[in-house]
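A closer look at the structure
Listed here are the chains, written in short residue letters.
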Amino acid sequence: MKDFSLQSSVAAAARHESAAARMPAAAHAPAVACAYDAVHAPNASAAPAGTHASGASGSAPAAQPSVLVVEDDAAISDVTCSFLAQEGYACTPAFSGTEARLLLDAHRFDLVICDLMLPGLPGEDVVALVRAQGGTPVIVTSAKGAVSDKVALLRTGADDYLVKPFDLDELLARIEVQLRRVCDVRPAAGDAADAATDAARASGPAAAPHAERTLRFRAWAANEDTRTFAVNGVLIRLTRTEFDLVCALMRRPRKVFTKRELFAAAWHEEPVVEEKTVNTHIGNIRAKLKGTNTEGYIETVWGIGFKLAE
């Protein structure tokens, strides 16, 4: 067990290498095609210069998933980065919210781990900033364990919430879940080849338009290719998790989903967090649908879960 009490953090930090320069090698370096596949692929052990990384050979470096670790406690930051480096991740530490904002403005990351009680910009604002920039997964780590704190951060845009002290193996599992979700919505190698063929055909005079995958339910339309959701033609901005939950419901509008089934559909994994997380995200979706007169489309089936209203 790798528990994150302060004493064990300091002891673990003493056993690992100290942090080197923290800036990634190149500004706006693109994220790897699939971060989860990159870290689990053979020989995927090299990282950009200046980050925490596992030892690399003299061969050409392979892309590693990039993780921004926003933590003001140097011991916790170092042991987190060192542990993840050993697991194949390239970590960039930030010791304040302000430093995190500068790094986020200059670089792209595959995932962000963020503490809440930070000097400078608060962690809540860092989470909101990441979410405003796009769909990068955010895992919040904090000593605040109240349900109200978890709910507030999930509504702000966090994808997961881990209460300190936590186990490093659990953190790793949650990172893998988030990166797998990102991979699941990106085209696979075979799809890329098909896309290249389609592009070649599209250059010809008789090119046919690409048929986009769109789910429809009453006034709702969810485009699975562009990952956009609209009500009566008006776009509604959903987070990645919210979009996946809506699509799961729309694919089988007559089905009564248990919370575990919805979790598996949105996270592509057996539940590793409280089922209350599903309630929170459904509540967020309903809140965003107020004003469209469609928030009632999602019905609560007491004692079971949720379904779409016919």
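Structure: above.
Everything numeric here is computed off the predicted structure, so don't read it as measured data.

Quick look at the overall build of the protein chain now. Across its full length, the protein chain carries 11 helices and 12 strands. Long-range pairs, those at least 24 residues apart, make up 64% of the contacts in the protein chain between residues at least 6 apart in sequence. A total accessible area of about 14,900 Å² is found for the protein chain, and carbon and sulfur atoms account for 55% of it.

If you walk across this open sheet you meet the 4 strands as S6-S7-S8-S9, and the pairing is antiparallel. The strands lining the two open edges of the sheet, one partner per strand, are strand S6 (214–217) and strand S9 (234–236). Ignoring which end each strand starts from, the neighbouring axes of this sheet average 25° apart. In terms of strand pairing, S6 meets strand S7 (residues 220–223) through 4 bridges, oriented antiparallel. Residue Arg 216 lies in a different strand from S7, and its bridge partner there is Ala 221.

Helix H11 (residues 276–289) packs onto helix H10 (residues 259–267) with a crossing angle of 70° between their chain directions and a minimal axis gap of 9 Å. Taken together, H10 and H11 sit at an angle that is classed as roughly perpendicular. Where H10 abuts H11, its residues Lys 259, Leu 262, Phe 263 and Trp 267 lie against Thr 277, Val 278, Asn 279 and His 281. A per-class count over the contact of H10 with H11 returns 4 nonpolar, 3 polar and 1 charged.

A few words on the pairing of strand S2 (residues 90–94). Counting buried positions over the 5 residues of S2 gives 5, a clear majority of the element. Side chains Ala 90, Thr 92 and Ala 94 of S2 all project onto a buried face; the interleaved residues Cys 91 and Pro 93 project onto the opposite face, where all are buried too. Running through helix H3 (residues 74–86), the crossover from strand S1 (residues 66–70) to the neighbouring parallel element S2 is right-handed.

Note on pairing: side chains with opposite charge can pair once their charged atoms come close. Applying the stated rule across the entire model yields 12 salt bridges. For the salt bridge of Asp 115 with Lys 164, the shortest nitrogen-to-oxygen distance reads 3.4 Å. Here Asp 115, found in strand S3 (residues 111–115), pairs with Lys 164, found in the loop between strand S5 (160–163) and helix H7 (168–184); they are 49 residues apart in sequence, far enough to count as distant. With respect to class, Asp 115 is no different from Lys 164; both count as buried. Arg 227 is paired through a salt bridge with Asp 244; the nearest N and O atoms lie 2.8 Å apart. A residue pair is termed long-range when its members are at least 10 positions apart, and Arg 227 in the loop between S7 and strand S8 (228–231) and Asp 244 in helix H9 (residues 240–251) qualify at 17 residues. The class for Arg 227 is partly exposed, based on a relative accessible area of 27%.

Glancing now at unusual backbone geometry. Omega for the bond connecting Lys 164 with Pro 165 falls within 30 degrees of zero, at -5°, which places this linkage in the cis form. The phi dihedral of Arg 227 falls on the positive side, at around 55°, and the residue is not glycine. Positive phi outside glycine occurs at Asn 232, with the angle close to 50°. If you trace the backbone, Asn 232 turns up in the loop between S8 and S9.

Moving on to the environment of Val 67. With respect to the secondary-structure elements, Val 67 resides in strand S1. By relative accessible area, Val 67 is classed as buried at 1%. For the pair Val 67 and Pro 93, spaced 26 residues apart in sequence, the C-alpha to C-alpha distance is 8.5 Å. In contact with Val 67, not counting residues within four places along its chain, are Tyr 89, Ala 90, Cys 91, Thr 92, Phe 109, Leu 111 and Ile 113.

Moving on to the pairing of strand S11 (residues 298–301). In this structure, S11 lies alongside strand S12 (residues 305–308), joined through 4 bridges in antiparallel fashion. Within the sheet, the bridge partner assigned to Glu 299 lies in S12 and is Lys 307. Counting the residues that bridge the hairpin from S11 to S12 gives 3 residues, and of these Gly 303 lies at a positive phi of roughly 85°.

So, about the sheet that holds S1. Ordered by their spatial adjacency, 5 strands build an open sheet running S2-S1-S3-S4-S5, and the pairing between neighbours is parallel. Two strands lie at the open edges of the sheet, namely S2 and S5, each paired on one side alone. Along the sheet, successive strands turn relative to each other by an average axial angle of 20°, direction set aside. The pairing of strand S4 (residues 138–142) with S5 spans 4 bridges and is parallel.

So, how was this worked out
Residues numbered from 1 in each chain as written. Predicted model: local features only at pLDDT ≥ 70, side-chain atom pairs only at ≥ 80, totals over all residues. Heavy atoms only, no water. Helix = DSSP H or I, 4+ residues; strand = E, 2+ residues; numbered from the N terminus. Contact = heavy atoms within 4.5 Å. Areas by Shrake-Rupley, 256 points an atom, 1.4 Å probe, with all protein chains shown as cover. Pairing = 2+ DSSP bridges. Axes fitted to C-alpha atoms, helices over the stretch in contact; angles between N-to-C directions. Parallel < 35°, antiparallel > 145°, perpendicular 65-115°, else oblique. Nonpolar A, V, L, I, M, F, W, Y, C, P; charged D, E, K, R; others polar. Buried < 20%, exposed > 50% of the residue type's maximum accessible area, 1.4 Å probe, protein only. Right-handed = clockwise from strand over helix to strand, strands pointing away. Salt bridge = Lys/Arg side-chain N within 4 Å of Asp/Glu carboxyl O.

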